[in-house]
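Take a look at the letters that make up each chain.
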Amino acid sequence: MAGAARQRAGWRYRANVAARTAAGTVGAYAVAALFAAALARVLPMPKVEAIMPATLLAFLVGPAVTLWAFLARDPWRAWAGVILPAALFAAIGWLAGAPA
């Protein structure tokens, strides 16, 4: 009986780590890309010049999202911490309109 419980706990642990790894890699990339796109459209400067600071700041957002994915209490909160900012940045980028 103890072996079956240990095996189940091992599977759950591995699934937990896999979900957090996916949130910390794929999710962080998506959030950073959406952040850069939204910020480049919102910054009050020519769009060609706004790309550089937006991209540089996105390099800070990506690791922050990865840290959040592994510091969250459970994988559901980790994914919520990835999906909500991604949706927010996507909405900001969409509402800002097409780049001119």
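Conventions we followed
- Residues numbered from 1 in each chain as written.
- Predicted model: local features only at pLDDT ≥ 70, side-chain atom pairs only at ≥ 80, totals over all residues.
- Heavy atoms only, no water.
- Patch = residues over 30% accessible without salt bridge, like charges linked within 9 Å, V, L, I, M, F, W, Y side chains within 5 Å.
- Areas by Shrake-Rupley, 256 points an atom, 1.4 Å probe, with all protein chains shown as cover.
- Salt bridge = Lys/Arg side-chain N within 4 Å of Asp/Glu carboxyl O.
- Helix = DSSP H or I, 4+ residues; strand = E, 2+ residues; numbered from the N terminus.
- Buried < 20%, exposed > 50% of the residue type's maximum accessible area, 1.4 Å probe, protein only.
- Phe/Tyr/Trp six-rings, centres within 6.5 Å; stacked < 30°, edge-to-face > 60°.
- Axes fitted to C-alpha atoms, helices over the stretch in contact; angles between N-to-C directions.
- Parallel < 35°, antiparallel > 145°, perpendicular 65-115°, else oblique.
- Left-handed = near helix turned anticlockwise from the far one by under 90°.
- Contact = heavy atoms within 4.5 Å.
- Nonpolar A, V, L, I, M, F, W, Y, C, P; charged D, E, K, R; others polar.

1. Some details on a nonpolar patch on the surface
Judged by side-chain polarity, Val42, Leu88 and Ile92 come together as a nonpolar surface patch covering roughly 240 Å² of accessible area. By the secondary structure assignment, Val42 is in helix α1 (residues 2-42). When its relative accessible area of 47% is taken as the criterion, Val42 is described as partly exposed.

2. Focus on the packing of aromatic side chains
Throughout the structure, instances matching the rule amount to one aromatic pair. On the basis of an interplanar angle of 70 degrees and a centroid distance of 5.2 Å, the ring pair of Phe35 and Phe89 is categorised as edge-to-face. Of this pair, Phe35 sits in helix α1 while Phe89 sits in helix α3 (residues 75-96); the two residues are 54 residues apart in sequence, bridging distant segments of the chain. A relative accessible area of 17% places Phe89 in the buried class.

3. Quick look at the packing of helix α2 (residues 47-71) against α3
If you want to describe how two helices pack, look at the angle between their axes and the distance between the axes. The N-to-C vectors of α2 and α3 enclose an angle of 160 degrees; their axes lie 7 Å apart at closest approach. As judged from the angle between their axes, α2 and α3 are roughly antiparallel. Crossing hand, α2 versus α3: right-handed. Of the residues in α3, those touching α2 at Val65, Trp68 and Ala69 are Arg77, Ala78, Gly81 and Val82. Residue composition of the contact of α2 with α3, grouped by class: five nonpolar, one polar and one charged.

4. What to know about the environment of Gly27
When you line up the elements, Gly27 lands in helix α1. Overall, the relative accessible area of 4% leaves Gly27 in the buried class. Taking the C-alpha atoms as reference points, Gly27 and Trp68, 41 residues apart in sequence, are found 11 Å from one another. The contacts of Gly27, once residues within four sequence positions are left out, are Ala22, Val65 and Val82.

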